[in-house]
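Breakdown of the fold
Spelled out from the first residue to the last, the chains are:
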Amino acid sequence: MKLKFTKMHGAGNDFVVIDAVNQALDLGPEQWRRLADRRFGIGADQILIVERPTEAGCDFRYRIYNNDGGEVEQCGNGSRAFVRFVSDKGLTDKRSIRVQTMAGIITPRLEDDGSVTVDMGAPILEPARVPFDSAGLDGTAQGRDTLWPLAVRVGAEERTVLVSAVSMGNPHAVQVVDDVETAPVLETGPQIEHHPRFPKRVNAGYLQVLDRGHVKLRVFERGAGETLACGTGACAAVVAGIRRGLLDSPVEVQARGGRLTIRWAGEGEPVYMSGPAETVFEGEIEI
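So, a few notes on the structure that sits alongside this text. (Residues numbered from 1 in each chain as written. Predicted model: local features only at pLDDT ≥ 70, side-chain atom pairs only at ≥ 80, totals over all residues. Heavy atoms only, no water.)

Quick look at the pairing of strand β10 (residues 145-154)
One ladder, built from 3 bridges, connects strand β9 (residues 140-142) with β10; its direction is antiparallel. Within β10, the position partnered with T140 by the bridge is L147. Connecting β9 to the antiparallel partner β10 that follows it, the hairpin turn spans 2 residues, and G143 within it adopts a positive phi of roughly 60°. One ladder, built from 7 bridges, connects β10 with strand β11 (residues 157-167); its direction is antiparallel. Bridging from a neighbouring strand, W148 pairs with V163 of β11. (Pairing = 2+ DSSP bridges. Helix = DSSP H or I, 4+ residues; strand = E, 2+ residues; numbered from the N terminus.)

In structure tokens form, the structure reads like this:
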């Protein structure tokens, strides 16, 4: 079958976006992997599907497939590309839309300056709901947060890293590092992603605090590897930093692919993420 698509990115986190409202779509994991393959397909961190909603009161349904072919609950940068796509394609004339995801309802809004702000909902902080198995672990209190020890290997050396467990609809393990450029992201990221304490695997975040309103961040994403930016990772990192007493809202997050602004008023309140969403090119592929 021939499939029309749009290639987009948000701060370098790149996507294949597919309109499943106006074209039939019935693909499996092998085909998702092929579409995301940077040598034999289009190339993307994630594939985003625009569908008609199945929940009342929603404008669209948003589905996300990582480049390993697995479906996941949420993608923050993708949500900004999503609202830009449906607006550019004339699928809606609304500036703010309600979008159904596996993780719940999100409300992305297209701003007058072309950026996109997304209400990502309130973070989940209870370990069992992240989900994170904290049984038998001695957590360390820092501010309002609890840091959990995880054993990883760097070369021949075994180390313990302390992480904050946060869910933004998908699970994140956030650690603070002195320098994100020298942090062993590619070595310890896969170990944390597959750590048995996280039954659904996890996104591994590496947070460097520059001052109380500016950070650098790298994220090794579950099912995708390190990406140039991770929207939910930025949200989780800022939530962790605020709870640890290291940051004050709003916070500018510098990822390798660009900048995001994260706002959070505290426990029980939603996280707001603002940043760019751009179209790269459009095309058609035989799949």
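From this point, things continue past the structure.
Quick look at helix α1 (residues 29-36)
Among the residues of α1, those classed as buried are W32, L35 and A36. Relative to the axis of α1, the buried residues are bounded by an arc of 95° and lie together on one face. For α1, the secondary structure elements touched by its buried residues are β1 (2-10), β2 (13-19), β3 (46-51), β4 (60-66) and β19 (278-286). (Buried < 20%, exposed > 50% of the residue type's maximum accessible area, 1.4 Å probe, protein only. Arc of directions from axis to C-beta. Contact = heavy atoms within 4.5 Å.)

Here's the deal with the pairing of strand β12 (residues 171-176)
Among the 6 residues in β12, 5 count as buried, and that is most of the element. Relative to β12, β11 runs antiparallel, the two sharing 4 bridges. For S167, the partnering residue across the bridge sits in β12 and is P171. Linking two consecutive strands that pair antiparallel, namely β11 and β12, is a turn of 3 residues; a positive phi of about 95° is found at G169 within it. Of the crossover connections in this fold, the one passing from β12 over helix α3 (residues 185-193) to the parallel strand β13 (residues 203-211) is right-handed. (Right-handed = clockwise from strand over helix to strand, strands pointing away.)

Overview of the pattern of salt bridges
By the definition in use, this model includes 27 salt bridges. Notably, a salt bridge pairs E193 with R201, separated by 2.8 Å at the nearest N-O pair. For R201, a relative accessible area of 28% translates into the label partly exposed. With a shortest N-O distance of 2.8 Å, E267 and R243 are connected by a salt bridge. Of this pair, E267 sits in the loop between β17 (258-264) and β18 (271-275) while R243 sits in helix α4 (residues 231-243), and the two are 24 residues apart along the sequence. Three or more residues joined by partner-sharing salt bridges are found here, namely R144, D145, R243, R244 and E267. (Salt bridge = Lys/Arg side-chain N within 4 Å of Asp/Glu carboxyl O.)

Observations concerning the nonpolar core
Ranked by internal contacts, the top residues of the largest apolar core, which has 52 residues, are V50, Y62, F82, V253 and I262. Among the elements that take part in this core, α4 stands out by supplying 8 residues, more than any other. The contact partners of I262, leaving out residues within four places of it in the chain, are A234, C235, V238, S249, P250, V251, V253, V271, Y272 and M273. Membership of the second largest hydrophobic core comes to 19 residues, among which are V130, V152, A183 and V202. (Core = buried A, V, L, I, M, F, W, Y, C linked by side-chain atoms within 4.5 Å.)

Quick look at the side chain of N170
Of note, N170 is situated in the loop between β11 and β12. Since its relative accessible area comes to 5%, N170 is described here as buried. At 3.2 Å, the side chain of N170 and the side chain of T232 are in polar contact. Beyond its immediate stretch of four places on either side in the chain, N170 contacts E73, Q74, N203, R222 and T232. (Polar contact = N/O pair within 3.5 Å; in protein donor to acceptor, adjacent residues only side chain to side chain.)

A look at the packing of aromatic side chains
Per the stated rule, a full pass over the model turns up 6 aromatic pairs. Residues Y62 and F82 carry aromatic rings whose centres are separated by 4.9 Å and whose planes lie at 55° to one another, so their mutual orientation is tilted. In this pair, Y62 is assigned in strand β4 and F82 in helix α2 (residues 76-88), connecting sequence segments 20 residues apart. The pair formed by Y62 and F82 is uniform in burial state, with each residue classed as buried. Through a chain of ring-to-ring contacts, three or more aromatic side chains come together here, namely F60, Y62 and F82. (Phe/Tyr/Trp six-rings, centres within 6.5 Å; stacked < 30°, edge-to-face > 60°.)

A word on the environment of D14
Following the sequence through the fold, D14 ends up in strand β2. Considered as a pair, D14 and D93 are 79 residues apart in the sequence and their alpha carbons are 25 Å apart.

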